[in-house]
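Chain by chain, the residues run as shown.
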Amino acid sequence: MSKTLQSIRGMHDVLPEQTPAWQRLEAALAETAVAFGYEEIRMPIVEQTGLFARSIGEVTDIVEKEMYTFDDRNGDSLTLRPEGTAGCVRACLQHGLIHNQQRRLWYIGPMFRHERPQKGRYRQFHQFGVEVFGVKGAELDVELIQMARTLWSRLGIEDVRLEINTLGQPEARARHRQVLVEYLEGHADSLDEEARRRMHENPLRVLDSKNPAIQSILEGAPKLADYLDEESAADFERTCELLDALGIPYRVNPRLVRGLDYYNKLVFEWVTESLGAQGTICAGGRYDGLVEQLGGRATPAAGFAIGIERLLSLAGDEGDGARADVYVIVPEAGRQAAAMRLADRLRDGLAGRRVQCNLDGGSLKAQFKRADRSGAGLAVIVEDTEGAEVSVKPLRGEGEQRTVSADDLIDLLTDRSAGGL
Ligand code: ATP
Ligand code: MG
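Note that the structure is a prediction, hence the values are computed from the model and not measured.

What counts, and at which threshold
- Residues numbered from 1 in each chain as written.
- Chains lettered and ligands numbered in written order.
- Predicted model: local features only at pLDDT ≥ 70, side-chain atom pairs only at ≥ 80, totals over all residues.
- Heavy atoms only, no water.
- Helix = DSSP H or I, 4+ residues; strand = E, 2+ residues; numbered from the N terminus.
- Rg over C-alpha atoms; globule rule 2.2 N^0.38 Å.
- Buried < 20%, exposed > 50% of the residue type's maximum accessible area, 1.4 Å probe, protein only.
- Contact = heavy atoms within 4.5 Å.
- Areas by Shrake-Rupley, 256 points an atom, 1.4 Å probe, with all protein chains shown as cover.
- Pairing = 2+ DSSP bridges.
- Axes fitted to C-alpha atoms, helices over the stretch in contact; angles between N-to-C directions.
- Domains from an automatic or database assignment.
- Near = heavy atom within 4 Å.
- Polar contact = N/O pair within 3.5 Å; in protein donor to acceptor, adjacent residues only side chain to side chain.
- Nonpolar A, V, L, I, M, F, W, Y, C, P; charged D, E, K, R; others polar.

Peer 1: It is not clear to me how the overall build of the chain should be interpreted in this structure. Could you clarify?
Peer 2: Helix and strand content of the chain: 16 helices and 16 strands. Its C-alpha atoms give the chain a radius of gyration of 28 Å, clearly above 22 Å, the size a compact globule of 421 residues would have. Principal axes of the C-alpha set define a box for the chain whose edges measure 90 × 60 × 45 Å. Going through the 421 residues of the chain one by one, you find that 51% of them count as buried. Considering only intrachain contacts with a sequence separation of at least 6, the fraction spanning at least 24 residues in the chain is 69%. Carbon and sulfur atoms provide 48% of the accessible area of the chain, an area that totals close to 21,100 Å².

Put into structure tokens, the structure is as follows:
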């Protein structure tokens, strides 16, 4: 017997019993973005490889080892997008969306990274992202954080906390980099292989290492905070002030550097203890240099991305698993057409309700069983070949079966007290 075909490792189907929770989450994300004045943008899933190398950075986990890169039939190097910011900036530049104007954009969709699959870490995963162009200052950064907090409260998520840090301007980072490299060189013997390799190419990322064996050395490393430029320091102070004024608690984490190169000034993460090692559900910050780096005019920018799978497991939305609200029962084959016509009238008259019609015969008992499994609260039994008369039977809770004309049925169903819907 041949082996059953499997999906790609780390890439998952969203099964019918899971889609309602996804839909509810997607709706809450979209509503929140719109409430803050954001517009949706949809970018292609595939981009030129160079876009990611130029934006995310050559010496990052993503570009070094996580991208799905391939040559297409013309020999062009293409990559399945590992994140949304680069493509969003590319689209804005291509279509002149941020020319002399502010833009607030949001998107949602699959991202691809070749990582070791585990709970909360997949090779195809989904992100909800927002990007704002043309707005400088800590006020926007704090509004982004406020937006994430609004989401948590809409979704009933409590167990998340905010960590913030500032990466300063590139010149400040360069000054810090110099002393950091000297420090790391002095401790090279005690570092792991990855840290030694990165120490010259991207020393700030060494601080991001999760290897417990080298934590104490990293603790003693020169702090970026001591080398900050005045503007970044003032912005950071303003961020903290505004967060305090809005009653949003936070922790300053000097080790927070983010895995992508394009950030400057404020970076933040929302983390939870409830998801084990994969605890970051939202990450973002300012990236004032990226638009220019990709060929546009210097444009202040900031944004964040949320991992949908992690958010879903945190929101714990079980859903009711129902596929139908009303199930139409067809006691005889001769009443099938009438039943299908009636089902259509119900779908029209009860907008938003799910009406399922029995299609493949079966005894009354079998049909009631299917009705029950569909999750419907109500069975409608077609009593004649014209479908003029029907019986209505509540499937859950109390309530008598009653017979009415099809014309009265809709009125009955929209009257909640009588319809039991
Ligand atoms: P991590 O440190 O967990 O690898 P990251 O810094 O690579 O995260 P970002 O690129 O900032 O993550 O992506 C933003 C969010 O997207 C993360 O906070 C996380 O919720 C989610 N995410 C990132 N990679 C994955 C993945 N492989 N599977 C599922 N969710 C992911
Ligand atoms: Mg990662």
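Peer 1: Got a minute to help me understand the sheet that holds strand S3 (residues 68–71) in this structure?
Peer 2: Pairing between sheet strands relies on hydrogen bonds along the backbone, with the strands arranged either parallel or antiparallel. Pairing within the open sheet is antiparallel, and its three strands lie in the order S2-S4-S3. Strand pairing shows two members of the sheet lacking a second neighbour, strand S2 (46–48) and S3, which therefore form its edges. Taken pair by pair, the neighbouring strands of this sheet meet at an average axis angle of 35°, ignoring direction. Together, S2, S3 and strand S4 (77–80) form the strand contacts of helix H2 (residues 49–56), whose direction differs from that of S2 by roughly 75°.

Peer 1: Which parts of the structure should I look at to understand the domain arrangement of the chain?
Peer 2: Note on interface size: it is often stated as the accessible area lost on association of the parts. Parsing the chain into structural domains produces domain 1 (19–169 + 229–315) and domain 2 (326–414). Placing the centre of domain 1 and that of domain 2 at their C-alpha centroids yields a distance of 48 Å.

Peer 1: Explain the pairing of strand S5 (residues 103–112) here, please?
Peer 2: Within S5, eight of the 10 residues are buried, leaving the element largely enclosed by the surrounding structure. The sheet contact formed by strand S1 (residues 39–40) and S5 spans two bridges and is parallel. Bridge pairing links Glu 40 to Trp 106 in S5. The pairing of S5 with strand S6 (residues 124–133) spans 10 bridges and is antiparallel. The partner of Trp 106 across the bridge, within S6, is Val 130.

Peer 1: Would you take a moment to explain the site of ligand 1 for this structure?
Peer 2: Of all residues adjacent to ligand 1, which total 17 residues, the nearest are Arg 113, Glu 115, Arg 121, Arg 258 and Thr 280. Arg 121 places a polar side-chain atom, nitrogen or oxygen, 2.8 Å from an oxygen atom of ligand 1. One of the side-chain N or O atoms of Arg 310 is found 3.4 Å from an oxygen atom in ligand 1. Taking 590 Å² as the accessible area of ligand 1 by itself, protein coverage stands at 90%. Sorting the residues of the shell around ligand 1 by element identifies S6, strand S10 (280–286) and strand S11 (301–307) as the ones contributing at least two each. Grouping the amino acids of the shell around ligand 1 by side-chain chemistry returns seven nonpolar, four polar and six charged.

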